[in-house]
Amino acid sequence: MKKIQLPNGRSLSQIAYGLWRLSEAADTRVDANLARIDACLAQGISTFDHADIYGDYRCEALFGQALKARPSLRDQIEIVTKTDIMLLSAQWPQTRVKHYDTTSAHVTASVERSLQRLCVEVIDLLLIHRPDPLCDAQALGACLDGLIDSGKVRAVGASNFQPWDADLLQSRMKHRLQTNQIELSLLHVDPLTNGQMAHAQTHRMPVMAWSPLGGGRLLTQQTADGSASSRLAAKLEQLAQASGTDASAVAVAWLLHHPAGVIPVMGSNRLDRIRAFGQGLEVPMDRQTWFELYELALGHEVP
Ligand SMILES: NC(=O)c1ccc[n+]([C@@H]2O[C@H](COP(=O)([O-])OP(=O)(O)OC[C@H]3O[C@@H](n4cnc5c(N)ncnc54)[C@H](OP(=O)(O)O)[C@@H]3O)[C@@H](O)[C@H]2O)c1
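The rules behind the values
Residues numbered from 1 in each chain as written. Predicted model: local features only at pLDDT ≥ 70, side-chain atom pairs only at ≥ 80, totals over all residues. Heavy atoms only, no water. Helix = DSSP H or I, 4+ residues; strand = E, 2+ residues; numbered from the N terminus. Buried < 20%, exposed > 50% of the residue type's maximum accessible area, 1.4 Å probe, protein only. Contact = heavy atoms within 4.5 Å. 1 Å grid on protein atoms, 1.4 Å probe; cavity = no way out; pocket = protein on both sides within 12 Å on 5 of 7 lines; lining within 4 Å. Points joined across faces, edges and corners; volume = space filled by probe spheres on them. Nonpolar A, V, L, I, M, F, W, Y, C, P; charged D, E, K, R; others polar. Disulfide = S-S within 2.5 Å. Near = heavy atom within 4 Å. Polar contact = N/O pair within 3.5 Å; in protein donor to acceptor, adjacent residues only side chain to side chain. Areas by Shrake-Rupley, 256 points an atom, 1.4 Å probe, with all protein chains shown as cover. Sits in = over half its atoms within 2 Å of the grid points. Pairing = 2+ DSSP bridges. Right-handed = clockwise from strand over helix to strand, strands pointing away. Core = buried A, V, L, I, M, F, W, Y, C linked by side-chain atoms within 4.5 Å. Expected span 1.5 Å × (residues − 1).

Peer 1: I'd like to hear about unusual backbone geometry, residue by residue, with values.
Peer 2: Of note, the phi angle at Tyr57 is positive, near 70°, even though the residue is not glycine. For Cys119, which is not glycine, the phi dihedral falls at a positive 60°. With respect to the element layout, Cys119 can be found in the loop between helix H4 (104-118) and strand E8 (125-128). On the accessibility criterion, Cys119 (32% relative accessible area) is partly exposed.

Peer 1: An account of the side chain of Glu60 is requested, with residue identities and associated values reported.
Peer 2: For Glu60, the position within the fold is in helix H3 (residues 59-69). When its relative accessible area of 0% is taken as the criterion, Glu60 is described as buried. Excluding residues that lie within four positions of it along the chain, Glu60 makes contacts with His50, Ala51, Asp52, Thr81, Ser114, Arg117 and Leu118.

Peer 1: Can you tell me about empty space enclosed by the protein, naming the residues and giving the values?
Peer 2: A full pass over the atoms with the stated rule returns two cavities of 30 Å³ or more. When its volume is computed, the largest cavity comes out at roughly 60 Å³. Ala166, Asp167, Gln170, Arg176, Leu177, His199, His203 and Met205 together form the lining of the largest cavity. Its residues assigned to classes, the lining of the largest cavity shows three nonpolar, three polar and two charged. Empty space within the second largest cavity amounts to approximately 30 Å³. Lining the second largest cavity are Leu184, Leu192, Trp254, Leu255, His258 and Trp290. Residues that form the lining of the second largest cavity fall into these classes: five nonpolar, one polar and no charged.

Peer 1: A description of the state of the cysteines should follow, citing residues and the corresponding values.
Peer 2: Evaluation of the coordinates by the stated rule reveals zero disulfides. Cysteine Cys59 shares no disulfide, and the gap to the nearest cysteine sulfur, in Cys119, comes to 14 Å. No disulfide involves Cys143; its sulfur sits 10 Å from that of Cys135, the nearest cysteine.

Peer 1: Break down the site of the ligand for me, citing the residues and quoting the values.
Peer 2: Contacts to the ligand come from 28 residues, most closely from Arg21, Asp49, Ser211, Ser268 and Arg273. At a separation of 3.2 Å, an oxygen atom of the ligand approaches a polar backbone atom of Gly18. Bound to the protein, the ligand loses 85% of the 920 Å² it would expose on its own. The cavity that encloses the ligand is the largest pocket. Tallied by class, the residues present in the shell around the ligand amount to nine nonpolar, 13 polar and six charged.

Peer 1: Hey, could you go over the pairing of strand E10 (residues 177-183) for me, with residue numbers and the actual values?
Peer 2: Taken across its seven residues, E10 has six buried, putting it largely inside the fold. By the bridge criterion, three bridges tie strand E9 (residues 156-159) to E10 in an arrangement that is parallel. Pairing of Ala158 across the sheet is with Asn180, part of E10. In the classification by handedness, the crossover that spans E9, the intervening helix H6 (residues 163-171) and the parallel E10 is right-handed.

Peer 1: A description of the nonpolar core should follow, citing residues and the corresponding values.
Peer 2: For soluble globular proteins, nonpolar side chains are generally found buried alongside one another. Residues Phe63, Leu126, Leu144, Leu236, Trp254 and Leu293 are the most contacted members of the largest nonpolar core, which totals 81 residues. Residues in contact with Phe63, not counting those within four places in the same chain, are Leu19, Leu22, Ile37, Phe48, His50, Ile77, Ile79 and Leu118.

Peer 1: Run through helix H9 (residues 228-243), naming residues and quoting values.
Peer 2: In an α-helix there are 3.6 residues to a turn, and that puts residues three or four apart on one side. Counted at 1.5 Å a residue, the expected span for H9 with its 16 residues is 22 Å, and the 23 Å between its end C-alpha atoms agrees. Three or more residues of H9 are buried, namely Ser230, Leu232, Ala233, Lys235, Leu236, Leu239 and Ala240. After H9 finishes, the residue Gly244 shows a positive phi value of roughly 65°.

Peer 1: Give a detailed account of helix H5 (residues 137-150), specifying residues and quantitative values.
Peer 2: Between its terminal C-alpha atoms H5 stretches 19 Å, which fits the 20 Å expected from 14 residues at 1.5 Å a residue. Taken together, the buried positions of H5 are occupied by Ala137, Leu140, Gly141, Cys143, Leu144, Asp145, Leu147 and Ile148. The inward-facing, buried residues of H5 contact H4, E8, E9 and H6. Where H5 begins, the side chain of Asp136 points an oxygen toward the backbone nitrogen of Gln138, at a separation of 3.1 Å. The first or second residue beyond H5 is Gly151, which carries a positive phi of 85°.

Written out as structure tokens, the structure is:
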């Protein structure tokens, strides 16, 4: 699997594994999590996507226990994590309302907690999880530059940012933002036209696509009711059969075909599905096939 280069010269694997749902897995013991990591590495998937909040603040630690059990893994992987969402959680009894916190105090403390939970010395890529309407960009920019200069994080980026959110933060920073992680799939095509993809390309940042299978909904749509989503599911199935893969691989191939350099962040807990993450690389995708799927995603032909 090829690597996708970031503006700072470092790289991420072309497909990433997201750990949002890890705490919901039937088996979250260290050996089971090591097996998930091994299944990724066997295909060249070396980028692991976290957030402090995943699993009610527990997923980073589940992953960290696996790294602690096998420290040699650390140098083979890139760890991405995120900060700024404050959940209503028993872990934070003083939180009255779900909110975002991009203050230096919160971001710095959150990084320290992530390092501890993940059992690592440095985070490869820290993302601001959601744009914060109360963000003091000057202060956040200085905080993020400082985290890079201190060696706690190697690089920073954005998530769910609109172009103007990214431009504002970047204008207050010395170091470059490396990516924008956004919702992008055949069930969420807005970024193709709302400026997010164009902005990423303008700044030569790869895009990390979250929920590339629409959280599984892309594969569970009914195929017999004649609706646009049903026709999309049927088309995915037809292309899967033609390429000897499955519908999820075709959906991934559709993302990989975009010239921006899209990194699908896959989310299964099942070993059989994890082992097949790389199949999207084997599905042939040409311009007209891409547009056939896009048309079905839109529900109408392009103007
Ligand atoms: N930055 C953000 O704001 C943000 C937001 C959401 C997610 N993310 C990141 O993106 C990652 C991926 O998100 P996601 O988990 O929603 O990705 P996804 O790959 O679109 O969906 C994964 C879900 O689909 C199910 N699934 C996979 N293949 C299936 C199939 N053939 N049939 C039926 N169900 C199937 C999986 O269930 P099984 O486990 O049973 O396979 C899992 O529940 C997250 O882990 C996280 O790292 C980021």
